[in-house]
Amino acid sequence: MEPGIFYLRFENKDTESTTGPKTETPSCSQDEGKAQKHRGSRCLVLMTVCLGLICVLLLVYIILQYFSITAVTNLFKSYKNKVEEFNQTINSLQDNYTDLMNEKNQLQNNINSLTQRKQELETRVNNLTAEKSRLLESFDSLTQKKQELETRVNNLTAEKSQLQNSFNSLSQKKLELETRVSNLTAEKSQLQSTINALNQKKLELETRVNDLTAEKSQLQSTINALNQKKLELETRVNDLTAEKSQLQSTINALNQKILQLESKVTSLSTELKQAYEKGYRWGSGWIFLSNGLNSWSESRQYCRNIGADLVIIKSEEKQRFINSIVPERAWIGLNDIQQEGTMKWVDNSPLNQGFWFAGEPNDAGGNEDCIEHIPYPQYPIQTWNDLPCSEMRKAICEK
Ligand code: MMA
Ligand code: CA
């Protein structure tokens, strides 16, 4: 017995099977049957036999096939179980595949970041390489410097030994100086006291300087004012010098005038002497009449020039005496020049008692301000008349 060929195909969880036998059959044609009529029945018998044989074979085959199918069914069941196991395995593998893909993505990301990091590190390495070159150069120069410094250290070590010696001597010196400092400290205290006193003195002097500075400013102002005054005085001196020249000229002229006046005084003295000779005693004084004719003012000046003035009459006794000694018209010391109608004597005293002629004073023509004596034999007391001051009369002087 030979089993058929089985085909199995698996797609995911689906399962499909196909079975079928393969046999070979002998070929037979009707055209041959017609052509061989003589052998037809023989062939038919043969064919029946063959057909029966085939049926037998087919029956055998079906039986065999039944067992085979049973076996195949069992096998199929076992295969199906196997397939389910495979499917489970596939599912688990599928899950593993997903996990692995995720892990792969993570690894890919890690690779990318590592690549980035690698580039940065390469850049860093390049920079460090360049820095290393620089550091090597620096190292060389520092090595050179180090050698120089070693030499310097050696020199400094020697110098240090010398300095140590100096330090020792300086320590000795320091002790001496400390002693000296103690002494100087005491001296400094005394000096500090002196300085404090001097500072106090300095403050006083500064105050004094400030006062003197203020005084100096005032003096400077005074000097400026005095300079200004000096300039003014110099101008004034110049003016006065010029004025002095003019005054000198005036003095010369006045000296000339003095000479003339002295001459006049001499003549007036002569006149006074003559007046005295013909004057009259009145109490302790003199009353006399001038020779020449003058206005009231000129007549008064005549009297003053000889140390007298126009006569003042304040009593009837004196009025009668005047009338007895002056037989002609003459000025007396009375007028109302300052205010019309208000008579005043030459000593500025007011008129209290007048000895007026009848109808006088009449201020005839509105221009009669000076008073004259007019003697009338029949009127020995009332002799006064007001008259224009410019009229020419003798003067009755009293000294
Ligand atoms: C008259 C009389 C006076 C006047 C004189 C002026 C002589 O007297 O009128 O009052 O003053 O004239 O000469
Ligand atoms: Ca008159």
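For the structure itself, consult the block above.
Residues numbered from 1 in each chain as written. Chains lettered and ligands numbered in written order. Predicted model: local features only at pLDDT ≥ 70, side-chain atom pairs only at ≥ 80, totals over all residues. Heavy atoms only, no water.

A.B. asks: So what exactly am I meant to see when it comes to the overall build of the protein chain here?
C.D. replies: Across its full length, the protein chain carries four helices and 10 strands. When the elements of the protein chain are put in sequence order from the N terminus, they spell out β-β-α-α-β-β-α-β-α-β-β-β-β-β. Out of the 399 residues belonging to the protein chain, those deemed buried represent 16%. A sequence separation of at least 24 residues applies to 67% of the contacts in the protein chain between residues at least 6 apart. Accessible area of the protein chain: about 30,700 Å², with a carbon and sulfur share of 56%. (Helix = DSSP H or I, 4+ residues; strand = E, 2+ residues; numbered from the N terminus. Buried < 20%, exposed > 50% of the residue type's maximum accessible area, 1.4 Å probe, protein only. Contact = heavy atoms within 4.5 Å. Areas by Shrake-Rupley, 256 points an atom, 1.4 Å probe, with all protein chains shown as cover.)

A.B. asks: Please clarify how a nonpolar patch on the surface should be interpreted in this entry.
C.D. replies: A cluster of nonpolar side chains, namely L51, I54, L58 and I62, defines an oily patch on the protein surface of about 370 Å² accessible area. Counting through the fold element by element, I62 comes out in helix α2 (residues 40–278). (Patch = residues over 30% accessible without salt bridge, like charges linked within 9 Å, V, L, I, M, F, W, Y side chains within 5 Å. Salt bridge = Lys/Arg side-chain N within 4 Å of Asp/Glu carboxyl O.)

A.B. asks: Please explain the pairing of strand β8 (residues 370–373) as it appears in this structure.
C.D. replies: Within a regular strand, the side chains alternate between the two sheet faces. Residues C370 and E372 point to one face of β8 and I371 and H373 to the other, with burial holding for every one of them. In terms of strand pairing, strand β6 (residues 330–335) meets β8 through three bridges, oriented antiparallel. Looking at the pairing, A330 lines up with H373 of β8. (Pairing = 2+ DSSP bridges.)

A.B. asks: Help me understand the site of ligand 1, please; the structure alone is not making it clear to me.
C.D. replies: The immediate surroundings of ligand 1 are formed by E360, N362, E368, N385, D386 and L387. Here an oxygen atom of ligand 1 sits 3.1 Å away from a polar atom, N or O, in the side chain of N385. Interatomic distance of 3.4 Å between a backbone N/O atom of D386 and an oxygen atom of ligand 1. Class assignment of the residues belonging to the shell around ligand 1 gives a composition of one nonpolar, two polar and three charged. (Near = heavy atom within 4 Å. Polar contact = N/O pair within 3.5 Å; in protein donor to acceptor, adjacent residues only side chain to side chain. Nonpolar A, V, L, I, M, F, W, Y, C, P; charged D, E, K, R; others polar.)

A.B. asks: How should I be thinking about the packing of aromatic side chains in this particular structure?
C.D. replies: Two aromatic rings, taken as a pair, are described by how far apart their centres are and by the angle between their planes. Under the criterion given, the structure shown has eight aromatic pairs. Considering the side-chain rings of W345 and W384, the 5.7 Å spacing of their centres and the 80° angle between planes classify their relative orientation as edge-to-face. Of the two residues, W345 is situated in strand β7 (residues 344–345) and W384 in strand β9 (residues 384–387); the sequence distance between them amounts to 39 residues. Here W345 falls in the buried class, since its relative accessible area comes to 2%. Geometrically, the ring pair formed by F357 and Y379 is edge-to-face, given 5.8 Å between the ring centres and 80° between the ring planes. Pair noted here: F357 is in the loop between β7 and β8 and Y379 is in the loop between β8 and β9, with a separation of 22 residues, a long-range link. For F357, a relative accessible area of 23% corresponds to the partly exposed category. Its relative accessible area of 40% is what places Y379 among the partly exposed residues. These aromatic residues form a ring-pair network of at least three members: W345, F355, W356 and W384. (Phe/Tyr/Trp six-rings, centres within 6.5 Å; stacked < 30°, edge-to-face > 60°.)

A.B. asks: I'm lost on the pairing of strand β10 (residues 394–398) in this one. Help?
C.D. replies: For β10, the tally of buried residues reaches four of five residues, placing the bulk of the element in the interior. Pairing of strand β4 (residues 285–289) with β10, which is carried by three bridges, proceeds in the antiparallel orientation. Paired with I287 across the strands is E398, a residue of β10. As defined by bridge partners, strand β5 (residues 309–310) adjoins β10 across two bridges and the pair is classed as antiparallel. Considered in β10, the bridge of D309 is made with E398. Pairing analysis gives two bridges linking β6 to β10, with the strands arranged parallel. Within the sheet, the bridge partner assigned to A330 lies in β10 and is K394.

A.B. asks: Hey, could you run me through the coordination of the calcium ion (ligand 2) in this one?
C.D. replies: Metal coordination angles have textbook ideals: 109.5 degrees for a tetrahedral set of four donors and 90 or 180 degrees for an octahedral set of six. Protein ligation of the calcium ion (ligand 2) involves E360 (OE), N362 (OD1), E368 (OE), N385 (OD1), D386 (O) and D386 (OD), the donor distances falling in the range 2.3 to 2.8 Å. All donors to the calcium ion (ligand 2) come from one chain, and their sequence spacing reads E-x1-N-x5-E-x16-N-D. The class for E368 is buried, based on a relative accessible area of 9%. (Donors = N, O, S within 2.8 Å, 3.2 Å for Na, K, Ca; no water.)

A.B. asks: I tried to follow unusual backbone geometry on my own but got confused; where do I start?
C.D. replies: What is expected of a backbone is that most residues other than glycine have negative phi and most peptide bonds are trans. With an omega dihedral of -5°, the bond running from E360 to P361 counts as a cis peptide bond. Tracing the backbone through its elements, the reader meets P361 in the loop between β7 and β8. The backbone of N348 shows a phi angle near 70°, a positive value even though the residue is not glycine. Non-glycine residue D363 carries a positive phi angle of around 45°.

A.B. asks: Whenever I open this one, the pattern of salt bridges confuses me. Can you help?
C.D. replies: Pairs may arise between side chains of opposite charge once their charged atoms sit close together. One pass over the structure, following the stated rule, counts 13 salt bridges. For K394, the salt bridge is made with E328, and the minimal N-O distance between the two is 3.1 Å. With K394 in strand β10 and E328 in the loop between α4 (316–325) and β6, this pair connects stretches of sequence that are 66 residues apart. Take E328: its relative accessible area is 30%, and that puts it in the partly exposed class. Between E372 and R393 there is a salt bridge, with its nearest N and O atoms 2.8 Å apart. Of the two residues, E372 is situated in strand β8 and R393 in the loop between β9 and β10; the sequence distance between them amounts to 21 residues. Via salt bridges that share partners, R329, E372, E391 and R393 belong to a single interconnected network.

A.B. asks: When you look at helix α3 (residues 296–305) in this model, what are you seeing that I'm missing?
C.D. replies: Given 3.6 residues per turn, any residue in an α-helix points the same way as the ones three and four places further on. Every buried residue belonging to α3 is among W296, S299, Y302 and C303, and all of these are buried. Projected down its long axis, α3 shows its buried positions confined to an angular sector of 120°, all on one face. The first or second residue beyond α3 is G307, which carries a positive phi of 80°. (Arc of directions from axis to C-beta.)

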